[in-house]
Amino acid sequence: EGNRKIFLDSDNMFDLDHLFDIVKTQVDELVVVLTGQLLTRPWCVGEIVIAHVTHNRLFKIICDDFTPVVLDSVADVKLLLEESSCRLGNYNISHDMVL
């Protein structure tokens, strides 16, 4: 296992289809750096959900400014799934997957 690749998601922010496909098909382990803004970024939530449902190993690094975002209302989740800039619902990411 000496030749492992590292993929940094900010290297490919122009095509979310490609970004989510990479997480789904080429990522074995996802390191999530939990910052104060991470869970407010829909594409980051999408990556975490996709890694989780495809049974990738998830590791977390928790930064001092991290505060968990509570997505307990339908409106909060609807914003991520349908009204955000990347519309996670278009990628078959459901309400239950986010919660």
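The present account deals with the structure reproduced in this document.

What counts and how
Residues numbered from 1 in each chain as written. Predicted model: local features only at pLDDT ≥ 70, side-chain atom pairs only at ≥ 80, totals over all residues. Heavy atoms only, no water. Helix = DSSP H or I, 4+ residues; strand = E, 2+ residues; numbered from the N terminus. Buried < 20%, exposed > 50% of the residue type's maximum accessible area, 1.4 Å probe, protein only. Lys, Arg positive; Asp, Glu negative; His and termini not counted. Salt bridge = Lys/Arg side-chain N within 4 Å of Asp/Glu carboxyl O. Patch = residues over 30% accessible without salt bridge, like charges linked within 9 Å, V, L, I, M, F, W, Y side chains within 5 Å. Areas by Shrake-Rupley, 256 points an atom, 1.4 Å probe, with all protein chains shown as cover.

## Digging into unusual backbone geometry
With a phi angle near 65°, His 55 is a residue other than glycine that sits in the positive phi range. Of note, His 55 is situated in the loop between α2 (42–53) and β2 (57–62).

## Topic: the side chain of Glu 47
Locating Glu 47 in the fold gives a position in helix α2. No salt bridge is formed by the buried Glu 47, whose closest oppositely charged neighbour, Arg 41, lies at an N-O distance of 9.6 Å.

## Topic: a nonpolar patch on the surface
A surface patch of nonpolar side chains, amounting to about 320 Å² of accessible area, comprises Val 31, Val 33, Phe 59 and Ile 61. When contributions to the nonpolar patch are tallied by element, the ones reaching two or more residues are β1 (29–34) and β2. On the secondary structure map, Ile 61 appears in strand β2. When its relative accessible area of 44% is taken as the criterion, Ile 61 is described as partly exposed.

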